[in-house]
Amino acid sequence: MAEEVKSFSDLKSTLIKAPAPESKAEAAEATQPNRDAQGRAYATGKRKDAVARVWIKPGRGKITINGREENIYFARPVLRMILRQPLIAANRDGQFDVIVTVAGGGLSGQAGAVRHGISKALLAYEPSLRPVLKQGGFLTRDPRTVERKKYGRPKARRSFQFSKR
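Residues numbered from 1 in each chain as written. Predicted model: local features only at pLDDT ≥ 70, side-chain atom pairs only at ≥ 80, totals over all residues. Heavy atoms only, no water.

*Asks:* How should I be thinking about the sheet that holds strand 5 (residues 96-103) in this particular structure?
*Replies:* To summarise the sheet geometry, strands pair through backbone hydrogen bonds and adopt either a parallel or an antiparallel arrangement. If you walk across this open sheet you meet the 5 strands as 1-2-5-3-4, and the pairing is mixed. Two strands bound the open sheet, and with one partner strand each, they are strand 1 (41-47) and strand 4 (68-69). With 8 bridges connecting them, strand 2 (residues 50-58) and strand 5 associate as antiparallel partners. Pairing of lysine 57 across the sheet is with aspartate 97, part of strand 5. Along the sheet, helix 5 (residues 107-125) makes contact with strand 1, strand 2 and strand 5, crossing strand 1 at roughly 150°. (Pairing = 2+ DSSP bridges. Helix = DSSP H or I, 4+ residues; strand = E, 2+ residues; numbered from the N terminus. Contact = heavy atoms within 4.5 Å. Axes fitted to C-alpha atoms, helices over the stretch in contact; angles between N-to-C directions.)

Structure follows, in structure tokens:
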């Protein structure tokens, strides 16, 4: 079954015999666009407690969130700016229609989740955009979440008021 390795020279010889982990054909296959029958790319974005399911397809740049337009769902201009960041960075603003279903968290977390989902969907649709999106930090999921409440404390870190007597 497996060769028994007793010394470093044996280890070196077994590593040299091992096949290459990935061939060029498999690497080229991984960079192919991932689209469904309707020509859409799908991705899931997450931020805090919010989860966004995002579909992009070629169009006029219309963004629909939970069946509503972006300027109605995200009334604050800052949140709309966050949504469009990956599209602007990739010079694709106005070229894709975006359909989003988002749930959980607040508006700020949802905007971050949609941004993450749009970035991943753009990458699935057009893998050549990876360097631009990676440089802007759009493909990284923000790991910061709310710290859990501890027992014996009113909040995660807040303690009860100290009483000397």
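Now that the structure has been shown, the text picks up again.
*Asks:* Just checking my understanding: could you explain the pairing of strand 1 for this structure?
*Replies:* Here strand 1 shows a buried face lined by Ala41, Ala43, Gly45 and Arg47 and an unburied face lined by Tyr42, Thr44 and Lys46. Pairing analysis gives 7 bridges linking strand 1 to strand 2, with the strands arranged antiparallel. Paired with threonine 44 across the bridge in strand 2 is arginine 53. Hairpin connection, strand 1 to strand 2: the antiparallel pair is bridged by 2 residues, and lysine 48 has positive phi, about 50°. (Buried < 20%, exposed > 50% of the residue type's maximum accessible area, 1.4 Å probe, protein only.)

*Asks:* What is the right way to look at the environment of aspartate 97 in this model?
*Replies:* Among the structural elements, aspartate 97 can be located in strand 5. Residue classification places aspartate 97 among the buried positions, given a relative accessible area of 18%. Along the backbone, aspartate 97 and isoleucine 56 are 41 residues apart, and their C-alpha atoms lie at a distance of 5.7 Å. Residues within four places of aspartate 97 in sequence aside, it is in contact with Trp55, Ile56, Lys57, Pro58, Gly59, Arg60, Gly61 and Lys62. Side-chain polar atoms of aspartate 97 contact the backbone nitrogen of arginine 60, separated by 3.0 Å. A polar contact is formed between the side chain of aspartate 97 and the backbone nitrogen of lysine 62, at a distance of 3.0 Å. (Polar contact = N/O pair within 3.5 Å; in protein donor to acceptor, adjacent residues only side chain to side chain.)

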